[in-house]
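Observations on chain architecture
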Amino acid sequence: MNFIQTRGIDENRPQSVTFSQAILAPIASFGGLYVPETLPELGEEFLTKHLNSSYKELAKDMLSRFEIDIDTDVIDEALSLYDEFDDKSNPVPVVKVKENLYISELYHGPTRAFKDMALQPFGIVLSSIAQKRNENYLILAATSGDTGPAALETFKNRANVQVACLYPDGGTSDVQRLQMVTEDAKNLKVIGINGVFDDAQNALKHLLASDSFKAALKEKDVSLSAANSVNFGRIIFQIIYHIHSYLELVRQGATAMGEKVYLNVPSGNFGNALGGYYAWKMGLPVEKIIISSNENNVLTTLIKDGKYDLRNCEVVGTTSPAMDILKSSNVERILFDLFGYKRTRELMNDLESKNAYELTKDELSTLRECFDADFCNGDEGKKYIKETFENDGYLMDPHTATCLKSYETCSNPDIKTIAYSTAEWTKFSPVIANALTGEVDAHDIDALESISKTANLEIPAMVKGLFTKEIAQDTIIEKEDIEKEILKFL
Ligand SMILES: *Cc1c(COP(=O)(O)O)cnc(C)c1O
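Residues numbered from 1 in each chain as written. Predicted model: local features only at pLDDT ≥ 70, side-chain atom pairs only at ≥ 80, totals over all residues. Heavy atoms only, no water.

Burial runs high along strand 5 (residues 136-142): six of the seven residues are buried. Note that the unit made of strand 5, helix 6 (residues 147-155) and strand 6 (residues 161-168) has a crossover that is right-handed. (Buried < 20%, exposed > 50% of the residue type's maximum accessible area, 1.4 Å probe, protein only. Helix = DSSP H or I, 4+ residues; strand = E, 2+ residues; numbered from the N terminus. Right-handed = clockwise from strand over helix to strand, strands pointing away.)

This is the structure we're talking about:
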C-alpha cells in the first residue's frame, strides 16, 4: 500500500510514496503529512479470528493487511521487542477499575510510558530501512520527558542511525532525566538546554531551517528523519493496541463481540487517538472516541465548538506535561479523512497565517459524530487519583487521570469505556504522592518510596536502578550552542 499527502501534492513530488519513504522523510508537500491511500477493512471476522491470538500474532496479521514494503523477518524482529515488556504473554493488560470503566495499560515497556508501544518496534524498522539503502540517518528529538527516553532506548546501538536528544534541564522529572543521561552508546547524544521545553523545541526548529547545518550534514552524508508521531511509522503500531484492548474486553466476558465501546484517550499530539480512529475505520466497534486534555484544552474547544484558536493562547505547564501541547499535529490526519485534502490545506493555511481556523456547522457535526472531549485541571486530576485509589484500589498517573473527568461528563454510563493509561505512577511520582497524602517532595526518590509504602507497590527494578546507574551524558549548554554540539557529535 502507498501513502498520500494530507494537503495534496505539488508538481515536484511523486503521486504517492511507499511506507519506507513516508518513514524516512515524514513531512510531505505543503507541510502536510502522509496517510495511507486506503485503510484495510478488517471487520468482525478479523476480530473473531484473533480472539485467541497473542499480541504479536494480532500485530503481525494487522500489519500484513497494510501491505507495507518491510520484510517479514524485520517485522518479526520488531515485534519480538514486546517480549521484553513486563508480561511476555500480554504486553498490554486491561484492568477493570469500576462499573463499565476499563483501563488499558500502555506503559509496561522499558521506559514506563506509552511511547514504547510504537517506538520500540519503530527503531528496528527504521534502522533496517537505513541499512538496506546504505544510508545514515540522524534523528533529532526535543523532549518534555517521554519521547526522549523511548527514542534513545529504541535506537541504542542500532546501525545507520544516530540520535541527538534535547531536553530542558530542570524541566523533566528525575526519572525521565535519569532515563536519558544514563544511556551510554556511541550513537546517542543527550543534550540538556538551559531553558524550558519550548526553548528546546524552538532550537530544534531553528536548526532544521539552518543552511549551514544542512550543508554540514550533507558533507557528512547524513540525512535527517523524525521519530515524533507525525511519522506514520509510529502511528501504524498505535492501531494494534486499540484492537487488542477491545479483544481483551471480549476475552474477559465484559463485552459481547460487536458491542460498541468508548475509547477514552489522554491526548497531546493526537497520535494515540488517531490510532483508535483508524482502528474504528478498519472495523472496530466503537461508539465514540473521547479526547481528554489538561488545561491546554485546544482539542476540547475544537471538538465542542469547531474552533481551533491559538490567538491569545500560551502553553501552560501542568501536572501532565506530556500533554502540554497547543499545535496537535495529528488532528490534520483526521481533517483529511473527514473533509479531504483541499479543505485540509485551507484549514492548515489558516492556522499558519491567522493562528486559528473554524469548521463549518456541518463539519463540526461530522467531527462530533466521531469525537467528544473534555479537559481536567491538575487539582481535579489529583482528586481523581486519590479517589480512584481509595475507592477502587487503582493507582494511576496524572495523564490517565484526565480520562476520569471526561468519562463522567462525556459518556453514556450504559456503554463500556476503554480508557488508556499512558504512564506508570513511577514517572510522575511527586504529583501522585502529593495527591495521595498531601506531601510535597522535591525529589522523585522520596515520592517513589512514599507511594510504594502507601499503595503497597514495588518500585520496578529498572526505575530504582536509575538512581545508582552511572551518568553517561553530562552535556548542558546554552541553546545558541546546539548546532556546534551536534556537529561535534556527528
Ligand atoms: C505522549 C504522551 C501522551 C500524548 O499522546 P499523543 O499521542 O501525543 O496524543 C499522553 N500521555 C503520556 C504519558 C505521553 O507520554
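From this point, the discussion proceeds with the structure in view.
This paragraph deals with the site of the ligand. The local shell around the ligand holds 15 residues, among which Lys 115, Asp 146, Gly 268, Asn 269 and Thr 422 are the closest. In the environment of the ligand, an oxygen atom lies 2.9 Å from a nitrogen or oxygen atom belonging to the backbone of Phe 270. At 3.1 Å, a backbone N or O of Gly 271 approaches an oxygen atom of the ligand. Considered on its own, the ligand offers 390 Å² of accessible surface; in the complex 97% of this is hidden by protein. Along the lines of polarity and charge, the residues of the shell around the ligand split into six nonpolar, seven polar and two charged. (Near = heavy atom within 4 Å. Polar contact = N/O pair within 3.5 Å; in protein donor to acceptor, adjacent residues only side chain to side chain. Areas by Shrake-Rupley, 256 points an atom, 1.4 Å probe, with all protein chains shown as cover. Nonpolar A, V, L, I, M, F, W, Y, C, P; charged D, E, K, R; others polar.)

Take the packing of helix 3 (residues 55-65) against helix 4 (residues 72-79) next. For any two helices packed against each other, the geometry comes down to the angle between their axes and how far apart the axes lie. Between helix 3 and helix 4, whose axes approach to 11 Å, the crossing angle comes to 145°. In terms of crossing hand, the pair formed by helix 3 and helix 4 is right-handed. Where helix 3 approaches helix 4, its residues Lys 56, Ala 59, Lys 60 and Leu 63 are matched on the opposing element by Thr 72, Ile 75, Asp 76 and Leu 79. Among the residues forming the contact of helix 3 with helix 4, the class breakdown is four nonpolar, one polar and three charged. (Axes fitted to C-alpha atoms, helices over the stretch in contact; angles between N-to-C directions. Left-handed = near helix turned anticlockwise from the far one by under 90°. Contact = heavy atoms within 4.5 Å.)

For helix 9 (residues 211-219), the complete set of buried residues consists of Phe 213, Ala 216 and Leu 217. What you see down the axis of helix 9 is that its buried residues fit within an arc of 100°, all on one side. Across helix 9 from its buried face, at more than 90 degrees, point the exposed residues Asp 211, Lys 218 and Glu 219. Its buried side turned inward, helix 9 meets strand 5, helix 8 (197-209), strand 8 (222-225) and helix 21 (482-489). Downstream of helix 9 by one or two residues, Asp 221 has phi in the positive range, about 65°. (Arc of directions from axis to C-beta.)

Mapped onto this numbering, the UniProt entry annotates "domain: Tryptophan synthase beta chain-like PALP" (unreviewed entry) at residues 97-338. In residues 97-338, the share of helix is 43% and the share of strand is 20%. The end C-alpha atoms are 34 Å apart. (UniProt positions renumbered as here; feature names shortened; annotations may be inferred.)

Right, let's talk about the sheet that holds strand 10 (residues 286-293) for a bit. What links the strands of a sheet is backbone hydrogen bonding, and the strands pair in either a parallel or an antiparallel sense. Spatial strand order, 3-4-14-9-10-13: six strands in an open sheet with mixed pairing. Looking at the sheet topology across the chains shown, the edges are occupied by strand 3 (94-98) and strand 13 (371-375). Sheet twist, expressed as the average angle between the axes of neighbouring strands with direction ignored, equals 25°. Of the strand pairs in this sheet, strand 4 (residues 101-105) and strand 14 (residues 417-421) are connected by five bridges, and their pairing is parallel. Looking at the pairing, Ile 103 lines up with Ala 419 of strand 14. Docked against the sheet, helix 12 (residues 271-281) engages strand 9 (261-266), strand 10, strand 13 and strand 14, running at close to 175° with respect to strand 10. (Pairing = 2+ DSSP bridges.)

The next thing to look at is the environment of Tyr 394. Relative to the assigned elements, Tyr 394 resides in the loop between helix 16 (378-392) and helix 17 (398-410). In this structure the C-alpha to C-alpha distance between Tyr 394 and Lys 98, which are 296 residues apart in sequence, comes to 9.5 Å. In this structure Tyr 394 touches Val 95, Val 97, Ile 103, Glu 105, Tyr 107, Thr 388 and Phe 389, once residues within four positions along its chain are discounted.

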